[in-house]
Amino acid sequence: MSVENEKWIAAIASADYVKNGMLVGLGSGSTAAFMIAELGKRVAGGLIMKGIPSSDATAKLAKQVGISLISLDDAGTMDINIDGADEFDPKFQLIKGGGGALLREKILAHNSRFNIIIADSGKKVNRLGKFKLPVETIPFATEIIISELHNMDLNPQLRMKNNEVYKTDENNCIIDVDIFEKDDLQELNNLLIQIPGVVETGLFLTSTDIVLMGQGNKVVTFKK
Ligand SMILES: O=C(CO)[C@H](O)[C@H](O)COP(=O)(O)O
C-alpha cells in the first residue's frame, strides 16, 4: 500500500469522529487535505458542521468542498481538531510545521477539546528529530536568532522557497533546526520560546489525544 493510501485511510477514519453540530479545527498538509475532502463529501450528504481552518490553503480547500467556515473568535473552543504531523513518538509528542502552518495549527490544538492526529506509518518514530524542527520567527529578528541557534548547536537553516525566504501565512520566517540529539524536549521548547522574536515552535508535546495511523490497508489507533 502506498503512503498516499495510508494517509487517505487515516483521514477517512478521522471523519467518523465528526458528529452533527460540531466545530472542527481543520489541519493543513496532504493528509489533512484527504480529511477535508472526506468531510466535504459528508457535508454534501447532510453532515452539519463548521470548520476553523489552520491555514489559507486549508480555508481555500474547505470552501471548494462546501464546508462552512467560521473564525476562531466566533468558534471559541472547538469540539475536535484533526491535523497531520511530520513525526509522532510513543509519548504522543509531535513535530509539526513541515508545511509551515505550525502557529495557527498550535492555536487550534490548544483551543480544542479533543485532538486527533492522522498520519501514514512513516511518521511514527521512537525518537523525534530526524525531521528538522520548524521554528517560526518574526522577520526583524530572524538573522540574529539564526546566530543564537548556531550557538545552541542546533544547525539552523533558514527555510527558502523558489530562491526566496519562505513566509508563513502570518508573514513570518521559518528556521529549521536539528534536535535529534536533544533529550529534554520540554526544556528545549522553553529555551526556544524564550528567545525574543521566536513566535512558536513545531514541538507539540502535550496536545494530542489520539493518533490514527494508516499502515498497509488498516488504520491503527493509538490512544493516550
Ligand atoms: O504540520 C503540518 C503543516 O504545517 C502538517 O501536518 C505536516 O507537515 C504533515 O504534512 P503531510 O500530511 O503533508 O505529511
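Since the model is a prediction, treat every value here as computed from it, not as a measurement. (Residues numbered from 1 in each chain as written. Predicted model: local features only at pLDDT ≥ 70, side-chain atom pairs only at ≥ 80, totals over all residues.)

A. Layout of the overall build of the protein chain. Scanning the protein chain from N- to C-terminus turns up seven helices and 15 strands. Taken along its principal axes, the extent of the C-alpha atoms in the protein chain is 55 × 35 × 35 Å. Expressed as a percentage of its 224 residues, the buried residues of the protein chain come to 46%. Contacts spanning at least 24 positions in sequence make up 74% of the contacts within the protein chain whose residues lie at least 6 apart. (Helix = DSSP H or I, 4+ residues; strand = E, 2+ residues; numbered from the N terminus. Buried ≥ 20, exposed ≤ 12 C-beta atoms within 10 Å, placed from the backbone. Contact = placed C-beta atoms within 7 Å.)

B. Quick peek at the sheet that holds strand β7 (residues 133–137). Strand order across the open sheet formed by four strands is β8-β11-β7-β12, with antiparallel pairing between neighbours. Pairing within the sheet leaves two strands with one partner each, and these edge strands are β8 (157–158) and β12 (198–201). Pairing between β7 and strand β11 (residues 173–177): five bridges, direction antiparallel. From the neighbouring strand, L133 faces β11, where its bridge partner is V177. Seen against the sheet, helix α5 (residues 102–110) touches β7 and β12 and runs at an angle of roughly 65 degrees to β12. (Pairing = 2+ DSSP bridges. Axes fitted to C-alpha atoms, helices over the stretch in contact; angles between N-to-C directions.)

C. View of the nonpolar core. M35, I36 and I118 are the most contacted members of the largest nonpolar core, which has 55 residues in total. Counting contributing residues per domain, this core is built from domain 1 (3–125 + 205–215) and domain 2 (133–199), each supplying no fewer than three. If we ignore the near neighbours within four places in the chain, the residues touching I36 are L26, T58, L61, A62, V65 and I67. (Core = buried A, V, L, I, M, F, W, Y, C linked by C-beta atoms within 7 Å. Domains from an automatic or database assignment.)

D. Highlighting the pairing of strand β1 (residues 22–26). Of all the five residues making up β1, four are buried; the element is thus mostly covered by neighbouring parts of the structure. With five bridges connecting them, β1 and strand β2 (residues 49–53) associate as parallel partners. Within β2, the position partnered with L26 by the bridge is P53. For the crossover that starts at β1, traverses helix α2 (residues 30–44) and ends in the parallel β2, the hand is right-handed. Note that β1 and strand β3 (residues 80–83) share three bridges and pair parallel. Pairing of G25 across the sheet is with N81, part of β3. (Right-handed = clockwise from strand over helix to strand, strands pointing away.)

E. Expanded view of the domain arrangement of the protein chain. Splitting the protein chain by domain gives domain 1 (3–125 + 205–215) and domain 2 (133–199). For domain 1 and domain 2, the distance between their C-alpha centres works out to 24 Å. Each partner contributes residues to the interface: domain 1 has eleven residues there, and domain 2 has twelve residues. For the side of domain 1 that touches domain 2, the per-class residue count stands at five nonpolar, four polar and two charged. (Nonpolar A, V, L, I, M, F, W, Y, C, P; charged D, E, K, R; others polar.)

F. Geometry of the site of the ligand. Around the ligand sit 17 residues, and of these G29, T31, G84, G98 and G99 come closest. For the shell around the ligand, the elements supplying multiple residues, two or more each, are α2 and α5. Here the residues of the shell around the ligand are counted per class, giving three nonpolar, ten polar and four charged. (Near = placed C-beta within 6 Å.)

G. Up close: the sheet that holds strand β6 (residues 115–120). The mixed open sheet is built from six strands, whose spatial order is β2-β1-β3-β6-β14-β15. Across the chains shown, the open sheet's two edge strands, defined by having one partner strand only, are β2 and β15 (218–223). The average undirected angle you get between the axes of adjacent strands in this sheet is 25 degrees. In the sheet, β3 pairs with β6 via three bridges, with the strands oriented parallel. Within the sheet, the bridge partner assigned to N81 lies in β6 and is N115. Of the strands in this sheet, β3, β6, β14 (210–215) and β15 touch helix α1 (residues 3–15), which is tilted by about 140 degrees from β14.

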